[in-house]
Amino acid sequence: MTDLASPTVRVSTRPAETRRDIGIKRRYAAERRFRAYGISAIVLGLFFLAVLVSTVVSKGYTAFLQTTITLPIEFSEKVIDPKNERATDAKQLMTANYPLLVRDALVRQLGLDATKRPLVKQATDMISASARTQLRNIVVADPSIIGKTVPVTLLAEANIDSAFKGQIDLSVAETNRKVKDRQVAWMNELADAGILKTSFNTGIFAFGASSRPEAAGVGVALIGSLYMMLIVLVLSLPIGVAASIYLEEFAPKNRLTDLIEVNINNLAAVPSIVYGLLGLAVFINFAGLPRSAALVGGFVLTLMTLPTIIIATRAALKAVPPSIRSAALGLGASKMQTIFHHVLPLAMPGILTGTIIGLAHALGETAPLLLIGMVAFVVDFPGSPLEPSTALPVQIYMWANEAERAFVERTSGAIIILLIFLVFMNLGAILLRRRFERRW
């Protein structure tokens with residue numbers, strides 16, 4: 001009878017406590033790595049955010065500064081109203097040769113020979129072409145100024161403005177830059193005399209669209225955005241809250257409501273350009289509403305914002321403890337009284353937060369507004385939501401496509417304005433939530 005070979009049993013000589021310590025060390029090491037990964041991700045995100053903000057600010061802060069030239073303008077009657085018909089012929093005041101007044105004032109200031117046309121043209125090119133409109137508005141508003149000499153502050157031309165701000169390298173050859181050497185000399189002469197200087201650019205907030213960068217502003221875009229945000233707020237907040245209350249508190253739980261909930265969640269993820277196509281088909285082609293109107297933009301952004309508000313409102317209603325409802329019902333309150341007197345006030349911080357975030361999202365949208373025609377060149381301020389207008393993000397898009405060098409700082413300046421609005425809106429959402437939030 002042969003002996004069967006017994007299996008070899010390996011007994012670890014390492015103590016059990018040592019193995020446990022090694023396991024603990026590995027877990028601690030894994031936690032440290034995970035923490036390091038998280039901190040690295042945050043640092044990387046902050047780095048890219050800092051790069052983005054610094055790039056926009058470095059290119060756009062000069063948009064809030066504007067170079068101006070103050071000249072004593074002689075409102076000559078021979079130029080403006082040679083027939084002395086200003087009391088009866090307003091058309092003459094509108095079509096007068098106002099650039100001639102600017103030219104004469106600049107020739108006198110620089111001591112130039114008016115017969116040397118190339119030299120005079122280089123000098124007058126330093127003044128923005130918007131001076132004609134500015135002087136015309138002054139005369140139309142007060143015809144009694146004709147015959148007087150009044151100092152008027154005019155905008156410098158975009159290239160002179162950029163050169164005076166140091167954005168153009170004046171050390172390169174004259175043929176490689178738009179500002180000529182003689183213009184640089186005149187610029188320095190006027191600056192030394194205190195006639196040419198840089199001040200805060202209020203025009204970026206007050207002017208409308210313009211093909212001249214120095215006369216372009218976001219005033220019309222701000223009014224258009226304000227109209228749209230008011231329409232979105234008036235429509236989306238009550239409709240979104242009412243839909244949320246019904247779905248969360250009153251609607252039966254069946255396949256239909258489940259389908260509605262799924263569709264609402266899907267609509268929140270639909271690309272914004274799809275809403276633009278919907279607005280183009282329904283509000284413009286079918287309903288016949290005017291293109292490029294803030295009313296249509298508000299309707300489109302309302303459709304886009306509703307899913308966000310509904311989801312946020314339902315989450316806020318769910319966060320209210322069921323004991324609140326039970327206590328109110330137990331004291332004899334009706335279902336409607338329980339919702340509107342107890343549940344809705346407690347859910348209001350979450351509702352306001354979701355609404356403000358939805359409005360901030362709508363404020364920065366561009367694609368749906370492009371499809372409904374809000375990319376129009378609008379100079380005059382809209383008097384109502386039915387008049388042509390544009391929006392701040394669309395204005396940024398339009399300026400970004402311009403070839404003029406000075407529009408680069410205008411684009412970055414408009415981005416800074418938009419970012420400031422978004423920061424304040426999100427900050428308001430945070431403050432409202434912390435002010436009214438209750439912890440259970």
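Residues numbered from 1 in each chain as written. Predicted model: local features only at pLDDT ≥ 70, side-chain atom pairs only at ≥ 80, totals over all residues. Heavy atoms only, no water.

Right, let's talk about the packing of helix α14 (residues 322–330) against helix α15 (residues 335–363) for a bit. The interhelical angle for the contact between α14 and α15, taken along N-to-C directions, is 145°, at an axis separation of 10 Å. Our pair here, α14 against α15, has a crossing hand that is right-handed. On the side of α14, the interface is formed by I324, R325, A328 and L329, while α15 contributes K335, T338, H342, V343 and L346. In the contact of α14 with α15, the residues fall into five nonpolar, two polar and two charged. (Axes fitted to C-alpha atoms, helices over the stretch in contact; angles between N-to-C directions. Helix = DSSP H or I, 4+ residues; strand = E, 2+ residues; numbered from the N terminus. Left-handed = near helix turned anticlockwise from the far one by under 90°. Contact = heavy atoms within 4.5 Å. Nonpolar A, V, L, I, M, F, W, Y, C, P; charged D, E, K, R; others polar.)

On the UniProt side, "domain: ABC transmembrane type-1" (unreviewed entry) is annotated at positions that read residues 222–428 here. As a span, residues 222–428 carries 76% helix and 0% strand, and end to end its C-alpha atoms are 19 Å apart. (UniProt positions renumbered as here; feature names shortened; annotations may be inferred.)

What follows is about the pairing of strand β1 (residues 65–74). Summarising the sheet, β1 and strand β3 (residues 196–200) pair through five bridges and their orientation is antiparallel. What sits directly across from Q66, in β3, is S199. Summarising the sheet, β1 and strand β2 (residues 149–155) pair through seven bridges and their orientation is antiparallel. Across the sheet, the residue bridging to T70 is T153, located in β2. (Pairing = 2+ DSSP bridges.)

Right, let's talk about helix α4 (residues 98–110) for a bit. Here α4 contains 13 residues, and its C-alpha end-to-end distance of 19 Å stays within 8% of the 18 Å for a straight helix at 1.5 Å per residue. Buried within α4 we find Y98, L101, V102, A105, L106, V107 and L110. Of the residues trailing α4, G111 is marked for its positive phi of about 65°. (Expected span 1.5 Å × (residues − 1). Buried < 20%, exposed > 50% of the residue type's maximum accessible area, 1.4 Å probe, protein only.)

Reading across from one edge, β2-β1-β3 is the order of the three strands in this open sheet, with antiparallel pairing throughout. Edge positions in the open sheet fall to β2 and β3, since each of these has one partner strand only. When the angles between neighbouring strand axes are averaged without regard to direction, this sheet yields 40°.

On to the UniProt feature "transmembrane region" (unreviewed entry) in the chain, then. The UniProt feature table records "transmembrane region" (unreviewed entry) at residues 34–57, 226–247, 267–287, 293–317, 338–363 and 413–432. Each end of residues 226–247 is marked by a C-alpha atom, and these two atoms are 31 Å apart; helix forms 100% of the span and strand 0%. The span residues 338–363 is 100% helix and 0% strand, and its two end C-alpha atoms sit 35 Å from each other.

A few words on the packing of aromatic side chains. For the structure shown, the criterion picks out five aromatic pairs. Aromatic side chains F47 and F48 sit 5.5 Å apart centroid to centroid with 65° between the ring planes, which places their arrangement in the edge-to-face category. Each residue in the set F64, F200 and F205 is aromatic and connected to the rest through ring pairs, giving one cluster. (Phe/Tyr/Trp six-rings, centres within 6.5 Å; stacked < 30°, edge-to-face > 60°.)

With that settled, consider the side chain of S210. Inspection of the secondary structure assignment puts S210 in the loop between α9 (203–206) and α10 (219–250). For S210, the side chain forms a polar contact with the main-chain nitrogen of R212, separated by 3.1 Å. Setting aside anything within four residues of it in sequence, one finds S210 in contact with A215, A216, F377 and F407. (Polar contact = N/O pair within 3.5 Å; in protein donor to acceptor, adjacent residues only side chain to side chain.)

Phi angles above zero are rare outside glycine, and S292 is one such case at about 60°. One can find S292 in the loop between α12 (272–286) and α13 (294–319).

It is worth spelling out the layout of surface pockets at this point. By volume, the largest pocket amounts to about 560 Å³. What lines the largest pocket is a set of 24 residues, and nearest its centre among them are S130, T133, L155, F207 and A215. At the level of secondary structure, the elements contributing two or more residues to the lining of the largest pocket comprise β1, α6 (131–141), β3 and α9. Considering each element in turn, the lining of the largest pocket owes the most residues, three residues, to α6. Looking at the lining of the largest pocket, its residues break down into nine nonpolar, 13 polar and two charged. (1 Å grid on protein atoms, 1.4 Å probe; cavity = no way out; pocket = protein on both sides within 12 Å on 5 of 7 lines; lining within 4 Å. Points joined across faces, edges and corners; volume = space filled by probe spheres on them.)

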